[in-house]
Amino acid sequence: MKQQDKNDIQSVDKAAWLGILRCMMLARLTEERLVRLYHQGRIFGGVYTGIGQEAIGAATTLACADHDLFAPCIRGMTVHIGRGMSVLDIFRQYLGRVTGPTRGRDGNVHYGNPKRGVFAMISHLGAMLPVVAGAVMAARRLGRNAVGFAYIGDGATSTGDFHEAVNFAAVFDAPVIFLIENNKYAYSTPNSEQYRCAHLVDRAKGYGIEGISADGNDAVALHLLARELVADLRRKPRAVLLECDTMRMRGHGEHDDFSYVPRSLIDEYAKRDPIKSCWERLVAAKIATREELDKLEHECRDEVNEAYHQALSEPPPVPSTLLEGVYAGD
Ligand SMILES: Cc1ncc(C[n+]2csc(CCOP(=O)(O)OP(=O)(O)O)c2C)c(N)n1
Ligand SMILES: [Mg+2]
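Residues numbered from 1 in each chain as written. Chains lettered and ligands numbered in written order. Predicted model: local features only at pLDDT ≥ 70, side-chain atom pairs only at ≥ 80, totals over all residues. Heavy atoms only, no water.

What's the story with the overall build of the chain in this structure? I'm lost.
Within the chain, the secondary structure is distributed over 11 helices and 7 strands. For 330 residues, the compact-globule estimate of 2.2 N^0.38 gives 20 Å, and the chain sits close to it at 19 Å. For the chain, the spread of C-alpha atoms along the principal axes amounts to about 50 × 50 × 45 Å. With 330 residues in all, the chain has 53% of them scored as buried. Contacts in the chain between residues far apart in sequence, at least 24 positions, make up 74% of those at least 6 positions apart. As presented, the chain carries roughly 14,800 Å² of accessible surface, and 53% of it is formed by carbon and sulfur atoms. For the chain, the separation between the mean place of its 39 positive charges and that of its 42 negative charges on side chains is 2 Å. (Helix = DSSP H or I, 4+ residues; strand = E, 2+ residues; numbered from the N terminus. Rg over C-alpha atoms; globule rule 2.2 N^0.38 Å. Buried < 20%, exposed > 50% of the residue type's maximum accessible area, 1.4 Å probe, protein only. Contact = heavy atoms within 4.5 Å. Areas by Shrake-Rupley, 256 points an atom, 1.4 Å probe, with all protein chains shown as cover. Lys, Arg positive; Asp, Glu negative; His and termini not counted. Charge placed at Lys NZ, Arg CZ, Asp CG, Glu CD.)

Written out as structure tokens, the structure reads:
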């Protein structure tokens, strides 16, 4: 597959580009608020952000159809928002409100949106990959031409589950895009202590599948690529390995000062901020004016503020209901 020419920005309509930018801005503003709340001790659990990695979830989810399937990781805020989760539900989740997706049982990333094809992650790295491969195969047997996105970190590619899932999907031509978010670190472990191959995408050859490298901070190019790839996988189902170059711009979680990351690396990627660069590209291509995008940002700020205050006003779960919701149907 050939990567789309970057000039094809005009082949996608304005509403779609604004949707991608909006998704990234909502995620950034929400996560910035969550960071502050964490440091104020108001969050039940940790805060692990995808700040700097927003383009990946936004560009891919918004290239998909209703029946497609997704397994986000801890930095997948734009996967959730891209698949329609409200910022209000996200605040409810982090603030442990009974109204939230896990009814206040979990305080951070273990939530999903099954109606929109988003599996709730479990923490064991790599464990969601075989789930996506199996779910895509099941959907296809039921007559749905579904495509799956399995997002995974660079560190998690060292797990057995990664190998099993990619090999299985490769052998059975399950249309799953294994999307590696290579953000250079797995907690404090740099890429150089994680794998010996030059690039993780090189592993595709060993599985007999196609491997594609992409700039994970370029929402425009990544969206064009994702649209083409998703359409191609519907026509000709198969597994693909897609390695996206990006950078974790904060610590592993907010408890981590990431002093082990060279400042020069952070500075380099700050210049390639996905939101800023998408914004500039849309203006340069005359898809939107600066004024329109300023207005969009204000609307996102209002939405995030209102959602936060609404979630705060809602109650936590009642302790006597602790065992409710353990089994399906509760
Ligand atoms: C099997 C397993 N081993 C270790 C951990 C602890 N752990 C959680 S996140 C993480 C780092 C993950 O790094 P990476 O896959 O690169 O994703 P990133 O955090 O960079 O997005 C580790 C070691 C875990 N959750 N599961
Ligand atoms: Mg990583």
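Would you mind showing me how to read the sheet that holds strand β3 (residues 176-182) here?
The strands making up a sheet are joined through hydrogen bonds of the backbone, oriented either antiparallel or parallel. Spatially, β1-β2-β3-β7-β6 is the arrangement adopted by the 5 strands of the open sheet, whose pairing is parallel. The sheet is open, and its two borders are formed by β1 (69-71) and β6 (210-215), each paired with just one other strand. Taking each pair of neighbouring strands and ignoring which way they run, the sheet shows an average axis angle of 20 degrees. Strand direction decides the pairing type here: strand β2 (residues 148-153) and β3, joined by 6 bridges, are parallel. Residue pairing for β3: Tyr151 is matched across the bridge by Leu179. Here helix α5 (residues 128-141) sits on the sheet and contacts β1, β2 and β3; the angle it forms with β2, its principal contact strand, is near 175 degrees. (Pairing = 2+ DSSP bridges. Axes fitted to C-alpha atoms, helices over the stretch in contact; angles between N-to-C directions.)

Looking at this structure, I do not really get the coordination of the magnesium ion (ligand 2). What am I missing?
Note on metal sites: the ideal angle is 109.5 degrees for four tetrahedral donors, and 90 or 180 degrees for six octahedral donors. Taken together, the protein ligands of the magnesium ion (ligand 2) are Asp154 (OD), Asn183 (OD1) and Tyr185 (O), with distances of 2.0 to 2.2 Å. In the primary structure, the donors to the magnesium ion (ligand 2) are separated according to the pattern D-x28-N-x1-Y. Like Asn183, the residue Tyr185 is buried in the burial classification. (Donors = N, O, S within 2.8 Å, 3.2 Å for Na, K, Ca; no water.)

Sorry, what's going on with the packing of aromatic side chains here?
What describes a pair of aromatic rings is the distance from one ring centre to the other and the angle between the planes of the rings. As enumerated under the stated definition, the model contains 5 aromatic pairs in all. Look at Phe70 and Phe149: their rings are 6.1 Å apart centre to centre, the planes differ by 0 degrees, and that puts the pair in the stacked class. In this pair, Phe70 sits in strand β1 while Phe149 sits in strand β2, placing the two residues 79 residues apart along the sequence. Owing to a relative accessible area of 1%, Phe149 belongs among the buried residues under this scheme. Summarising the aromatic geometry, the rings of Phe149 and Tyr151 are spaced 5.8 Å apart at their centres and angled 20 degrees between planes, so their arrangement reads as stacked. Take Phe149 and Tyr151: they sit in the same class, and that class is buried. Through pairs of rings, three or more aromatic residues link up here, namely Phe70, Phe149 and Tyr151. (Phe/Tyr/Trp six-rings, centres within 6.5 Å; stacked < 30°, edge-to-face > 60°.)

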